[in-house]
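Okay, here's what each chain looks like letter by letter:
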Amino acid sequence: MTLCQLFLQPDAAYSCISELGELGIVQFRDLNPNVNSFQRKYVNEVRRCEEMERKLRFLETEIKKDELPIYDPEDNPDAPKPREMIDLEATFEKLDHELKEINTNADALLRNFNELTELKHNLTMTQGFFDDAEMAFTPAHNRNQRDSDDDQVQLLYEYSMISHNKLGFITGVVPRERMVAFERMLWRVCRGNVFLRQAEIPELIEDPVSGEKLHKTVFVVFFQGEQLKNRVQKICEGFRANIYPCPENPHERRELAMGVMTRLEDLTVVLSQTQDHRQRVLAATSRNLRTWQIKVKKIKAIYHTMNMFNNDVARKCLIAECWAPVSELDRIQLALRKGSEASGGGTVSSVLNRMVTREQPPTHHKLNKFTQGFQNLVDAYGVATYREINPMPFVLITFPFLFAVMFGDAGHGILVTIFALWMVLKERSLKDKWRNQEVWTIFFGGRYIILLMGIFSIYTGIIYNDVFSKSLNIFGSSWRVRFGDDTLAKHDSVMLEPTPYNYTRSGDYRQMFSGTPYPIGLDPVWQLADNKITYTNSVKMKFAIIIGITQMGFGLFLSLWNHLHFNHRHAIYLEFLPQIIFLACIFFYLIILIFYKWTSFDGSKATDAPSLLIHLINMILFSYKTDPPSAAVFYTGQKQFQTFLILLAVLCVPWMLLGKPIYRIVMNKRRANRGVVLDADVRDTDTEDMLDDEHSHQQHHQHEVEMSEVWVEQGIHTIEYFLGCISHTASYLRLWALSLAHAQLSEVLWHMILHLGLSMNGYGGAIASFFVFMPWSSLTVFILLLMEGLSAFLHALRLHWVEFQSKFYKGEGYPFVPFSFRLLLDEAPVEA
Amino acid sequence: MKDDLLFNLDHGYAEGLCRGFKSGILKAADYHNLVQCETLEDLRLHLQSTDYGNFLANEASPLTVNVIDDRLREKTVQEFQHLRNVSYEPLSTFLDYITYAYMIDNIILLITGTLHQRAIGDLLPRCHPLGSFEQLGAITVADTPAQLYTAVLVDTPLAPYFIDCISEHDLDELNVEIIRSTLYKAYLEDFYNFCKKLGGITAEVMCEILAFEADRRAFMITINSFDTGLTQDERAKLYPTCGHLHPDGLQELRRTDNYDAVRDVASRYPQYKILFEGSGTNSGDKTIEDKFFEHEVKLNMNAFLRQFHFGIFYAYLKLKEQENRNIIWIAECIAQKHRARIDNYIPIF
């Protein structure tokens, strides 16, 4: 990674940046952080892009409204030239304008159409209403059939006939939900002096104003006198009721209705034509929409980047600063040349200039889709400091392995593997599916992690000989039960002895253990043993300790690597050495004891085998008892050797605590001496050196202030490490604990559920198995695979972040974010 | 104590939302940038980088102050309505109380509009959406306050406030103002009592804010009523009685007849003394109204310093309104190229 300066011709800058954007290997730095976003040089261009984006969004919503498909482009369009931008703008402007015009026309037509529809309904309803009234009035009609409403109607009608004082009426349409309030208001304002009839329009009607589909109600209000009419009209206005004229004469009404019908028909034709036109325009647009969107996005990104550049007026060029990987410099040069050529002004090509800087460069890892997921796990803790060892390649294997130690069940492992394999193999087609589903994207992003976790789980499952909590007897157990029937009948349980055993006291020794262990993993005979858990606990605990201490030791060696790379000689002697010695003295020794116990104590000496836990405690307390045989020393010189180890380990504490601060003090003194000499020399050189000198003075000053901090920091660091070694070792026991929990849980599930069905005889058993399989399988997936898997995942993650990486990983860097069109387009997918 | 324990059970989410919204209020640095804008386009560009996001992005290019105003108001209303939708008793009643003030404004706006022969269709869109209710459009039916009451307001929550105004005979300009003040007085007192009844921190915070609101109205009514033919007794009837001025200060305000006398009354109350001293009528000075606004902003800001109470919802809405006023002020100054007074906005943070 190196800091580069680019000198770009203003004409060529655009195409150069576009080329670099396609490459996506350069991270630009903002050179005008103090300038407001709207005071930058290319702000007008950015604004034009935003305007274009706005138009495109408008077009897209219009296309969506008509439910037309939008075609995704196959290829990746290049960023258009600045000249093309004007063309694009013109195209969009034209389309935008055209569409808006169509829309306004259509809106006007539609409003007209809706109004007419309302009028039509209004007329038919009122027609029915007036018919009712007349029917009611005709004496021929059977009076018994009328309800009270009709009575009123009739009264009204009679009244108007008799008094010759024509009642006025207003008809209109109002949204149904406002009807009640409207009615109440009418009643209040007119003090009950109006008569209201209403009828619901059976279909949904688009409101002419807002364009929403609404339930509406037709009403007729009868009243007498001008004043009331005014009021009613005002109320109608207030409730946004649409008032329609309705002739009083039935004949005229019919004529009007006819007219409305014909006008409606005409309108339908016109409307469908407008709609067709609109469809054509939109269909043409939808073909290019995505391409345009990408193009505009690219232009905008380029100008955004160019806004970050320094504008050198005197030399007529733009100066950019960027981080770029050293290995890619050639490609960058090539891109620059291509860009300059493309712009045509090839007189002065762009210049790339490597700069020396003290700033910490961003961290860039070369990744592929396989390693990406694991890198994310590491980066979630902290991005590696520049040039620090990246734990990812190690995590790649240890993470799934530690997971599998806790998730050891071959059956579950197979399920996980199948799921992961499906995601991996169908990668392409699944990539864009369910993009917005957060949980899914998490699973999909970690598909390779899950795959490895599954495979490793199968492996550890075979080692534990656990398949859905049952053991497989593939190679045949190494144990034979050679008891006679009478012995078996007498006892609930019998003990299998690994050594030849005289069970009848007749001097007839029987061999129960074949002598060769089961080829791989746990012997299936343990499935039947009462003390299976005691046995597996002991084994798994020891495994956990061995794995944990090995991993921590490995982490320490990685820190050695770091020290060597950064040339921190003192850190090797003052940090790495005491740390590794401490670890070796106590914990590596423990591992050696474990192996020693495994190899040199067999069944015959089982009762005298040393208890390692007691031994470790005694070792630290310097107490050597002989009382229980398991606590007695078991090799000569054990006492002396262990005392030596403890003393060595204790010595490491002050070594690490004092070493680094003392080294600092010495170095500071030396530097101060040198500084004084320099000071005397440089008294009368030019000002720049003076400035430098001042600078170094400042730094020097800082060092002195920091001394107390160095003490505190080193103190914390020391305590953290030495206590951490103990607590971290204990922490690795979670490998055993979770594995135990998982095994027990799956066994419980088997016994409590599936066992019910399997233990029944006859046809009933088949049916019962069928029914219990469903709860068993779903519980297996949800509890054992998802919940347990998640918990094992988190514990494995913790073991890596806390126990492993704390030994060497600082994670104080910041990520390399290149300017890349591909990233840009992936990141903000064109809003779906 | 018990209220504090259980507060989050019902109102924790709403409070969290509200505090989140509050952190989106523009800071001094934002104002500093806004003031530097040359055109409204710049303003839009800068607002994009704040919490407003691209609320103006879909507007066609020649941007006007009106459009900005509409969008700002829309956004505020949207946020408030979201809060109202997720709220739970008694918070929802509290939030409803806040909207009553807007209802009063809307009613007055419509009545004055009709007095000036404006069509109801033009007036309705200008009403504040928080204060709209079903019968709002039918207000034009009423010619007298009594009619207004029986026809329109009887179903609305404002009905109890209106009882005092029924006696007025017709709706002319002065009467409308009196109605507004009477309504406001009744509303403030009711709201004040409601908050008192809620008790706890809500009462402490809200009563402080509402008392100030009441006093401000009393001052403004007095100042605006000089030379209008409003008698002292009539004026006194309009003073809300839930403020710090009640009862002595109000009595004295009743007797004042010029600005200096008002200032004398205020000087007996330390918090108002400062405000009146800091204000002036010269061109460079801040008006007393601005001073009141500043004090209000301060009170509202203080509301956020306490936890487990409803005051923050009120305070948030008021602060947001102040912010909208500020943005509009700045936008107007930019649009009219009148940059000399652009700094006269009221800073919030």
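So, how was this worked out
- Residues numbered from 1 in each chain as written.
- Chains lettered and ligands numbered in written order.
- Predicted model: local features only at pLDDT ≥ 70, side-chain atom pairs only at ≥ 80, totals over all residues.
- Heavy atoms only, no water.
- Helix = DSSP H or I, 4+ residues; strand = E, 2+ residues; numbered from the N terminus.
- Buried < 20%, exposed > 50% of the residue type's maximum accessible area, 1.4 Å probe, protein only.
- Contact = heavy atoms within 4.5 Å.
- Areas by Shrake-Rupley, 256 points an atom, 1.4 Å probe, with all protein chains shown as cover.
- Axes fitted to C-alpha atoms, helices over the stretch in contact; angles between N-to-C directions.
- Parallel < 35°, antiparallel > 145°, perpendicular 65-115°, else oblique.
- Left-handed = near helix turned anticlockwise from the far one by under 90°.
- Nonpolar A, V, L, I, M, F, W, Y, C, P; charged D, E, K, R; others polar.
- Pairing = 2+ DSSP bridges.
- Patch = residues over 30% accessible without salt bridge, like charges linked within 9 Å, V, L, I, M, F, W, Y side chains within 5 Å.
- Salt bridge = Lys/Arg side-chain N within 4 Å of Asp/Glu carboxyl O.
- Core = buried A, V, L, I, M, F, W, Y, C linked by side-chain atoms within 4.5 Å.
- Buried area = accessible area lost by both parts, 1.4 Å probe.
- Lys, Arg positive; Asp, Glu negative; His and termini not counted.
- Polar contact = N/O pair within 3.5 Å; in protein donor to acceptor, adjacent residues only side chain to side chain.
- UniProt positions renumbered as here; feature names shortened; annotations may be inferred.
- Expected span 1.5 Å × (residues − 1).
- Bend = angle between axes of the 7 residues up to and from the residue.
- pLDDT = per-residue confidence, 0-100.
- Phe/Tyr/Trp six-rings, centres within 6.5 Å; stacked < 30°, edge-to-face > 60°.

**Student:** Where do I start with the overall build of chain B in this structure?
**Tutor:** For chain B, the helix and strand inventory stands at 16 helices and zero strands. Sorting the 349 residues of chain B into buried and exposed places 55% on the buried side. Long-range contacts, defined as pairs at least 24 residues apart, comprise 63% of the intrachain contacts of chain B with a sequence gap of at least 6. For chain B, the accessible surface area stands at approximately 15,500 Å², while carbon and sulfur atoms represent 50% of it.

**Student:** How should I be thinking about the packing of helix α10 (residues 392-406) of chain A against helix α14 (residues 447-464) of chain A in this particular structure?
**Tutor:** Helix packing geometry: the angle between the two helix axes and the distance between the axes. All names here are of chain A. The N-to-C vectors of α10 and α14 enclose an angle of 50°; their axes lie 8 Å apart at closest approach. When the interaxial angle is binned, α10 and α14 end up oblique. The handedness of the crossing between α10 and α14 is right-handed. Facing α10, whose interface residues are Leu396, Ile397, Phe399, Pro400, Phe401, Phe403, Ala404 and Val405, α14 presents Ile449, Leu452, Met453, Phe456, Ser457, Tyr459, Thr460 and Tyr464. Each residue belonging to the contact of α10 with α14 can be placed in one class, and the counts come to 14 nonpolar, two polar and no charged.

**Student:** What exactly am I supposed to notice about the sheet that holds strand β7 (residues 216-223) of chain A here?
**Tutor:** As a general point, the strands of a sheet are linked pairwise by backbone hydrogen bonds and lie either parallel or antiparallel. Residues and elements named next belong to chain A. A sheet is described by the order of its strands in space; here four strands give the open sequence β4-β7-β3-β8, paired in antiparallel fashion. A single partner strand is all that each edge strand has here, and the edge strands are β4 (195-200) and β8 (242-244). Within this sheet the neighbouring strands show an average axis-to-axis angle of 25°, counted without direction. The pairing of strand β3 (residues 168-175) with β7 spans eight bridges and is classified as antiparallel. Opposite Pro175, over in β7, you have Lys216 as the bridge partner. Relative to the sheet, helix α5 (residues 179-189) contacts β3, β4 and β7, its axis offset from that of β4 by approximately 170°. Here helix α6 (residues 226-238) sits on the sheet in contact with β3, β7 and β8, set at roughly 165° to β7.

**Student:** Would you mind showing me how to read a nonpolar patch on the surface here?
**Tutor:** Residues and elements named next belong to chain A. On the surface, Ile414, Leu415, Ile418, Phe419, Trp422, Trp434, Val439, Phe443, Val781, Phe782 and Leu786 cluster together to form a nonpolar patch covering roughly 980 Å² of accessible area. Looking at the nonpolar patch, the elements that each hand over two or more residues are α11 (410-425), α13 (438-445) and α22 (762-804). No other element matches α11, which puts five residues into the nonpolar patch. Among the structural elements, Ile414 can be located in helix α11. Taking the relative accessible area as the measure of exposure, Ile414 reaches 40% and is therefore partly exposed.

**Student:** So what exactly am I meant to see when it comes to the nonpolar core here?
**Tutor:** Ranked by internal contacts, the top residues of the largest apolar core, which has 144 residues, are Leu43(B), Ile68(B), Phe94(B), Tyr187(B), Phe191(B) and Phe313(B). No other element matches the 14 residues that helix α5 (residues 91-115) of chain B contributes to this core. Of all hydrophobic cores here, the second largest spans 78 residues; its members include Val416(A), Met423(A), Leu560(A) and Phe804(A).

**Student:** Looking at this structure, how should I read the interface of chain A and chain B?
**Tutor:** In many analyses, interface size is given as the accessible surface area lost on bringing the parts together. With 24 residues of chain A in contact, the opposing surface of chain B contributes 27 residues. For the chain A and chain B pair, buried surface summed over both sides reaches about 2,200 Å², with 49% attributable to carbon and sulfur atoms. Taken together, the connections running from chain A to chain B amount to one salt bridge. Here Asp42(B) makes a salt bridge to Arg47(A), at a shortest N to O gap of 2.5 Å.

**Student:** Help me understand the side chain of Asp523(A), please; the structure alone is not making it clear to me.
**Tutor:** Residue and element names in this part refer to chain A. Mapped onto the fold, Asp523 is located in the loop between α15 (485-490) and α16 (532-565). Buried and unpaired, Asp523 has no salt bridge, with Arg480 as the nearest side chain of opposite charge at 7.6 Å. In terms of polar contacts, Asp523 uses its side chain to reach the backbone amide nitrogen of Val525, at 2.9 Å. Beyond its immediate sequence surroundings of up to four residues, Asp523 is in contact with Asn465, Ser477, Ser478, Trp479 and Tyr518.

**Student:** It is not clear to me how the pairing of β7(A) should be interpreted in this structure. Could you clarify?
**Tutor:** In summary, the side chains of a regular strand alternate between the two faces of the sheet. All names here are of chain A. Counting buried positions over the eight residues of β7 gives eight, a clear majority of the element. Side-chain alternation along β7 places Lys216, Val218, Val220 and Phe222 on one buried face and Thr217, Phe219, Val221 and Phe223 on a second face that is also buried. Across six bridges, β4 lies against β7 in antiparallel orientation. Within β7, the position partnered with Glu200 by the bridge is Thr217.

**Student:** I'm lost on the pattern of salt bridges in this one. Help?
**Tutor:** All chains considered together, the criterion is met by 37 salt bridges over all chains. Residue Asp233(B) pairs with Arg254(B) through a salt bridge whose shortest N-O separation is 2.5 Å. Placement of Asp233(B) in helix α11 (residues 232-238) and of Arg254(B) in helix α12 (residues 248-255) is noted, with a sequence separation of 21 residues between them. Residues participating in the shared-partner salt-bridge network are Glu51(A), Arg54(A), Lys55(A) and Glu93(A).

**Student:** How should I be thinking about the UniProt feature "transmembrane region" (unreviewed entry) in chain A in this particular structure?
**Tutor:** Residues and elements named next belong to chain A. Mapped onto this structure's residue numbering, the UniProt feature "transmembrane region" (unreviewed entry) falls at residues 394-422, 442-464, 543-564, 576-596 and 644-663. In the segment residues 442-464, helix accounts for 96% and strand for 0%; the C-alpha atoms at its two ends are 30 Å apart. In residues 644-663, helix accounts for 100% and strand for 0%; the two terminal C-alpha atoms are 27 Å from one another.

**Student:** Sorry, what's going on with the packing of α16(A) against helix α17 (residues 569-600) of chain A here?
**Tutor:** Residues and elements named next belong to chain A. Axis separation between α16 and α17 bottoms out at 10 Å; the angle between their running directions is 160°. Relative to α17, the element α16 lies roughly antiparallel. Pair α16 / α17 crosses with left-handed handedness. Grouping the amino acids of the contact of α16 with α17 by side-chain chemistry returns 21 nonpolar, five polar and three charged.

**Student:** What am I meant to see in the environment of Ser471(A) here?
**Tutor:** Residues and elements named next belong to chain A. Structurally, the position occupied by Ser471 is in the loop between α14 and α15. Here Ser471 is in contact with Asn465, Pro524 and Gln527, once residues within four sequence places are set aside. Reaching out from Ser471, the side chain makes a polar contact with the backbone oxygen of Asn465 at a distance of 3.0 Å. Within the local environment of Ser471, its side chain forms a polar contact with the side chain of Gln527, the two groups lying 2.7 Å apart.

**Student:** In this structure, what is going on with helix α21 (residues 734-758) of chain A? I would like to understand it.
**Tutor:** Note that an α-helix has 3.6 residues per turn; residues three or four places apart therefore point the same way. Here α21(A) contains 25 residues, and its C-alpha end-to-end distance of 34 Å stays within 8% of the 36 Å for a straight helix at 1.5 Å per residue. The largest bend in α21(A) amounts to roughly 35° and is located at His751(A).

**Student:** Help me understand the confidence of the model for chain A in this model?
**Tutor:** The predicted coordinates ought not to be read in detail in places where the model reports low pLDDT. Residues and elements named next belong to chain A. In this model, chain A carries a mean pLDDT of 82, and residues with pLDDT of at least 70 account for 88%. Confidence, read as mean pLDDT per element, is least for helix α4 (residues 148-163) in chain A (57) and greatest for α14 (95). Per-residue pLDDT stays below 50 along residues 139-146; that stretch engages in six contacts with residues further than four places along the chain or on separate chains. Under a pLDDT of 50 for its full length, residues 680-698 has, in the predicted model, five contacts with residues more than four places off or in other chains.

**Student:** Sorry if this is basic, but what is going on with the packing of aromatic side chains here?
**Tutor:** All names here are of chain B. For the structure shown, the criterion picks out 63 aromatic pairs over all chains. Arranged with centres 5.8 Å apart and planes meeting at 85°, the rings of Tyr184 and Tyr187 form a pair that is edge-to-face. Here the residue Tyr184 and the residue Tyr187 both occupy positions in helix α9 (residues 173-198), the gap between them amounting to three residues, near one helical turn. Exposure remark for Tyr187: the relative accessible area of 3% places this residue in the buried category. When the centroid spacing of 6.0 Å and the interplanar angle of 25° are considered together, the rings of Phe219 and Phe292 count as stacked. Of this pair, Phe219 sits in helix α10 (residues 200-225) while Phe292 sits in helix α15 (residues 288-303), and the two are 73 residues apart along the sequence. Here the aromatic residues Phe7, Phe94, Tyr97, Tyr100, Tyr161, Tyr184, Tyr187, Phe191, Phe194, Phe308, Phe310 and Tyr314 are joined through ring pairs into a cluster of three or more.

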